[in-house]
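# Descriptive analysis of the structure
Take a look at the letters that make up each chain.
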Amino acid sequence: MVQLNISTIINKLNPLLENSSILKIGQNLKYDIIVLKQNGFSTISSYDDTMLMSYILFAGLHNHNLDYLAQAYLK
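Note that the structure is a prediction, hence the values are computed from the model and not measured.

### A closer look at the confidence of the model for the protein
Across the protein, pLDDT averages 90, with 100% of residues at or above 70. Considering each helix and strand of the protein separately, the mean pLDDT is smallest for helix H4 (residues 66-74), with a value of 84, and largest for helix H1 (residues 6-18), with 94.

### Side note on the layout of surface pockets
The volume enclosed by the largest pocket comes to roughly 160 Å³. Looking at the largest pocket, the residues that line it are Thr50, Met53, Ser54, Leu57, Phe58, Leu66, Leu69, Ala70, Tyr73 and Leu74. Of all the secondary structure elements, the ones that give two or more residues to the lining of the largest pocket are helix H3 (50-57) and H4. Considering every element that reaches the lining of the largest pocket, the biggest residue donor is H4, with 5 residues.

What counts and how
Residues numbered from 1 in each chain as written. Predicted model: local features only at pLDDT ≥ 70, side-chain atom pairs only at ≥ 80, totals over all residues. Heavy atoms only, no water. pLDDT = per-residue confidence, 0-100. Helix = DSSP H or I, 4+ residues; strand = E, 2+ residues; numbered from the N terminus. 1 Å grid on protein atoms, 1.4 Å probe; cavity = no way out; pocket = protein on both sides within 12 Å on 5 of 7 lines; lining within 4 Å. Points joined across faces, edges and corners; volume = space filled by probe spheres on them.

Right under this line is the structure:
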């Protein structure tokens with residue numbers, strides 16, 4: 001298996017990550033943002049985090065991890 005060159009990936013993804021007109025959605029993005037920054041990627045602009053949205057809407061009612069949210073909302 002051939003691994004892609006990290007600088008090639010960074011050069012292709014950074015314009016997307018920096019573009020505020022493209023909404024990026026993920027689960028627990030705080031962790032992903034830390035890992036991306038440590039590896040030379042740009043700051044992500046315009047994003048939503050499903051874990052944070054779940055916590056804000058239903059703070060003490062249930063778990064907010066991806067397994068629970070997928071089962072609860074997608075069956």
